[in-house]
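Commentary on secondary and tertiary structure
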Amino acid sequence: MTNLVTGATGTVGRQVVAELLRRGQSVRALTRDPAKADLPEGVDVVRGDLTDAESLAAALEGVTGLHLITFAGPYFAPLATGPQIVELARKAGVRRVTVLHGGGPSPLEDAVRGSGLAWTVLMPVEFMANALEWGQGIRADGEVREPFVGRLSAMVHEADIGAVAAVALTEDGHGGREYVITGPQVLTVEDKVDTIAAARGRKIRLVELSEEQAVAQWKAAGQSEEVIGFLLDVYGNTPVEGRTVVDTVEKVTGRPARTFTQWAEEHADTFRA
C-alpha cells in the first residue's frame, strides 16, 4: 500500500513521512520543489501543488492512504481546492485520509468529512517546535522575550502528531474520529525556558513583554496584522483544549507522549552559540 503525504516538507509532514517509513510503508511525498525536499532515502518525491488540484492526479495513482493539510501559500490561507482534491482521491481508490486541522473550518476539511472515506481529523495543540523561534535570541543574547509568560500549554512533540497520523493511515478503527493531540504536561513559558536552559547547559534570561512591546516585536519580524491578532488571542486567552492534557498519543500509538525535556535535548544544539 502507498501513502501520499502532502505538506511533506513541513514540520508535521516530515514526521508523518518518518513514521510511515518506520512502519515499513511505501511513502510518496508531494512538494512544489522536489529538488529541495531533502526527504529520507526510499521516499518517492513527486511534484504537485495543492492549489492546483489536477496536479495531484498522477501522484494519487495507487494510493490507499492520504495525509492532507488545509492551507497553502502565505499566512496559512485556506485551500479553496478541497472538494476537487477529495473527488480525485475517491476516484483513485484512496481508503483512509488524515487531515491536519488548521484551527477552523475549511473547504478541504468539510469536503473530507462528507466524502464517505475513512477520515481522521488531527487537532494538535501548540507544537514543541514553536520554541525554535527563540533560537536566535538565545544564541545571541541568552534571553527569551515573550508576553503572557504565565500562559499554559499542553504542547505536543511534532513526532507524536506524525505517529498518530501514521497509525490512522495504516490501521482500521480510526475513521470518523477527531483526535485532539497534546503532550504529557502543562507548561508555562518559564517552564519551557528552564527546560531548554538545562538541555543546553547554560542559563537563559526570560524577559516578559507587555502586549504593546510584543506587537512591536512581531511587526518588526514581519508578521501580518492577522497573525498578530491571532497570537494575542491564543496567548492571552488560551482555549481549554490548548492547556489540558489528553492521552490520545498513548491510546492510538500504544506509548506515552514525548516530553518537552526530550524535545529540548534533541534540539539542544539549536540553542547553543
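Structure shown above.
These notes cover the structure that comes with them. (Residues numbered from 1 in each chain as written. Predicted model: local features only at pLDDT ≥ 70, side-chain atom pairs only at ≥ 80, totals over all residues. Heavy atoms only, no water.)

**A word on the overall build of the chain**
Assigned secondary structure in the chain consists of 10 helices and nine strands. Here the chain has a C-alpha radius of gyration of 19 Å; the compact-globule value for 273 residues is 19 Å, and the two agree. With the C-alpha coordinates aligned to their principal axes, the bounding extent of the chain is approximately 55 × 40 × 40 Å. The buried share of the chain, taken over its 273 residues, is 49%. At a minimum sequence separation of 6, the contacts of the chain that also span at least 24 residues come to 73%. Carbon and sulfur atoms form 48% of the exposed surface of the chain, whose accessible area is close to 12900 Å². If the 27 positive side-chain charges of the chain are averaged to one point and the 37 negative ones to another, these points end up 3 Å apart. (Helix = DSSP H or I, 4+ residues; strand = E, 2+ residues; numbered from the N terminus. Rg over C-alpha atoms; globule rule 2.2 N^0.38 Å. Buried < 20%, exposed > 50% of the residue type's maximum accessible area, 1.4 Å probe, protein only. Contact = heavy atoms within 4.5 Å. Areas by Shrake-Rupley, 256 points an atom, 1.4 Å probe, with all protein chains shown as cover. Lys, Arg positive; Asp, Glu negative; His and termini not counted. Charge placed at Lys NZ, Arg CZ, Asp CG, Glu CD.)

**Looking at the packing of aromatic side chains**
A full pass over the atoms with the stated rule returns three aromatic pairs. Pairing Trp-218 with Tyr-235 gives two aromatic rings, centres 6.2 Å apart and planes at 55°, and the pair type is tilted. Here Trp-218, found in helix α7 (residues 211-220), pairs with Tyr-235, found in helix α8 (residues 225-236); they are 17 residues apart in sequence, far enough to count as distant. Take Tyr-235: its relative accessible area is 15%, and that puts it in the buried class. Centre to centre, the rings of Phe-260 and Trp-263 are 5.4 Å apart; their planes meet at 10°, and the pair counts as stacked. Placement of the pair is Phe-260 and Trp-263 together in helix α10 (residues 260-266), with a separation of three residues, close to one helical turn. Here the aromatic cluster, defined as three or more aromatic residues joined through ring pairs, consists of Phe-260, Trp-263 and Phe-271. One Lys or Arg, Arg-151, reaches over the ring of Tyr-235 and ends 3.7 Å from the middle of that ring. (Phe/Tyr/Trp six-rings, centres within 6.5 Å; stacked < 30°, edge-to-face > 60°. Lys NZ or Arg CZ within 6 Å of the ring centre and 35° of its normal.)

**Looking at helix α6 (residues 189-200)**
In this model, α6 (12 residues) spans 17 Å end to end at C-alpha, consistent with the 16 Å of a helix rising 1.5 Å per residue. In this fold, the buried residues of α6 make contact with α4 (135-141), β7 (143-147), β9 (205-209) and α10. Looking at the residues trailing α6, positive phi occurs at Gly-201, about 80°. (Expected span 1.5 Å × (residues − 1).)

**A few points about the pattern of salt bridges**
Per the stated rule, a full pass over the model turns up 19 salt bridges. Of the charged contacts in the structure, one is a salt bridge between Glu-143 and Arg-205, with a shortest N-O distance of 2.8 Å. On the criterion of sequence distance, the pair formed by Glu-143 in strand β7 and Arg-205 in strand β9 is long-range, its members being 62 residues apart. Among the residues examined, Arg-205 registers a relative accessible area of 46% and is labelled partly exposed. (Salt bridge = Lys/Arg side-chain N within 4 Å of Asp/Glu carboxyl O.)

**Some details on the environment of Thr-238**
Among the secondary structure elements, Thr-238 is positioned in the loop between α8 and α9 (248-253). Residue class for Thr-238 comes out buried when judged on its relative accessible area of 17%. Distance from Thr-238 to Leu-152, taken between C-alpha atoms, is 7.4 Å for residues 86 residues apart in sequence. Sequence-distant contacts of Thr-238, that is, excluding residues within four places in its chain, are made with Arg-151, Leu-152, Asp-233 and Arg-243. Within polar-contact distance, the side chain of Thr-238 engages the backbone oxygen of Val-234 at 2.7 Å. (Polar contact = N/O pair within 3.5 Å; in protein donor to acceptor, adjacent residues only side chain to side chain.)

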